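Spelled out, the chains give:
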Amino acid sequence: MQIKAKINGISGNFILDTGASNTCVGFESIERFELSAKNSKTKASGAGGTGMTTQISSQNKLQLGSWKSKGFSIVIFDLSHVNEALESFKAKPVHGIIGADVLLEGKAIIDYFNHYLYLK
């Protein structure tokens, strides 16, 4: 499911991924979302591969609809494999992934039938 979200007041397109531990954006979106990126020792892994280099950006403002979180950390890594897969299915590319960290903090309820995400 693709959703709109704002990071530091700037809108972007994201995939809601219940299997992703953390909310992420691609390296190419660092400037767009005004992120302060720092190197991270953590390696990312997922459907696109394992051992991918990451950076981290702390103290961000995240907003999905009326739900807001301040001081939010975002993982930054190479999202090109995700967007290549989306394009092969004629879907629009995304700036990032909304992960389980948001779902837990927001006490999320996902209505798959109606394509709604509720955050408390």
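Residues numbered from 1 in each chain as written. Predicted model: local features only at pLDDT ≥ 70, side-chain atom pairs only at ≥ 80, totals over all residues. Heavy atoms only, no water.

Asks: What is the right way to read the overall build of the protein chain from this model?
Replies: Helix and strand counts for the protein chain stand at two helices and nine strands. The globule rule puts the C-alpha radius of gyration for 120 residues at 14 Å, and the 14 Å found for the protein chain is close to it. Counting only C-alpha atoms and orienting by the principal axes, one finds that the protein chain spans roughly 35 × 35 × 20 Å. Within the protein chain, residue pairs in contact and separated by at least 24 positions form 53% of the contacts whose partners lie at least 6 positions apart. In the structure as shown, the protein chain presents an accessible area of about 7300 Å², 52% of it carried by carbon and sulfur atoms. (Helix = DSSP H or I, 4+ residues; strand = E, 2+ residues; numbered from the N terminus. Rg over C-alpha atoms; globule rule 2.2 N^0.38 Å. Contact = heavy atoms within 4.5 Å. Areas by Shrake-Rupley, 256 points an atom, 1.4 Å probe, with all protein chains shown as cover.)

Asks: What is the right way to read the pairing of strand β2 (residues 10-16) from this model?
Replies: Every regular strand shows the same layout, with side chains that alternate between the two sheet faces. Most of β2 is tucked away, with five of its seven residues classed as buried. With antiparallel pairing between neighbouring strands as the criterion, strand β1 (residues 2-7) and β2 make up a hairpin whose turn holds two residues, including Asn-8 at a positive phi of roughly 50 degrees. (Buried < 20%, exposed > 50% of the residue type's maximum accessible area, 1.4 Å probe, protein only. Pairing = 2+ DSSP bridges.)

Asks: Is there a simple way to explain the nonpolar core in this structure?
Replies: A general tendency of soluble globular proteins is for nonpolar side chains to be buried together. Counting residues in hydrophobic clusters, the biggest one holds 19 residues, and the most contacted among them are Ile-7, Phe-14, Val-25, Leu-35, Leu-64 and Ile-98. Only β1, β2, β5 (49-64), β6 (67-77) and α2 (100-105) provide two or more residues apiece to this core. The greatest single-element share of this core, amounting to four residues, is contributed by β6. Non-local contacts of Leu-64, meaning those with residues more than four positions away in its chain, are made with Ile-3, Lys-4, Ala-5, Ile-98, Val-102, Leu-117 and Leu-119. (Core = buried A, V, L, I, M, F, W, Y, C linked by side-chain atoms within 4.5 Å.)

Asks: Teacher, can you tell me more about the side chain of Thr-23 here?
Replies: By the secondary structure assignment, Thr-23 is in the loop between β2 and β3 (24-26). In this structure Thr-23 comes out as buried when scored by relative accessible area, which is 0%. Among the polar contacts listed, one links the side chain of Thr-23 to the side chain of Asp-101, at a separation of 2.8 Å. Excluding residues that lie within four positions of it along the chain, Thr-23 makes contacts with Phe-72, Ile-74, Val-75, Ile-97, Ile-98, Gly-99, Asp-101 and Val-102. (Polar contact = N/O pair within 3.5 Å; in protein donor to acceptor, adjacent residues only side chain to side chain.)

Asks: Could you clarify how one ought to interpret the packing of aromatic side chains in this entry?
Replies: In this description, an aromatic ring pair is defined by two values, namely the gap between the centres and the angle between the planes. Throughout the structure, instances matching the rule amount to two aromatic pairs. Ring plane angle 35 degrees and centroid distance 5.9 Å describe the contact between Phe-14 and Phe-33, whose orientation is recorded as tilted. Of this pair, Phe-14 sits in strand β2 while Phe-33 sits in the loop between β3 and β4 (38-46), placing them 19 residues apart in sequence. Relative to Tyr-118, the ring of Tyr-116 has its centre 6.0 Å away and its plane inclined at 50 degrees; by these criteria the two rings are tilted. A relative accessible area of 43% means that Tyr-118 is categorised as partly exposed. (Phe/Tyr/Trp six-rings, centres within 6.5 Å; stacked < 30°, edge-to-face > 60°.)

Asks: What is the right way to read unusual backbone geometry from this model?
Replies: Glycine aside, the phi torsion of most residues is negative, and most peptide linkages are trans. Although it is not a glycine, Lys-107 sits at a positive phi angle of roughly 50 degrees. Relative to the helices and strands, Lys-107 is located in the loop between α2 and β8 (109-111). Its identity is not glycine, yet His-115 carries a phi of approximately 60 degrees, on the positive side. Tracing the backbone shows His-115 in the loop between β8 and β9 (116-118).

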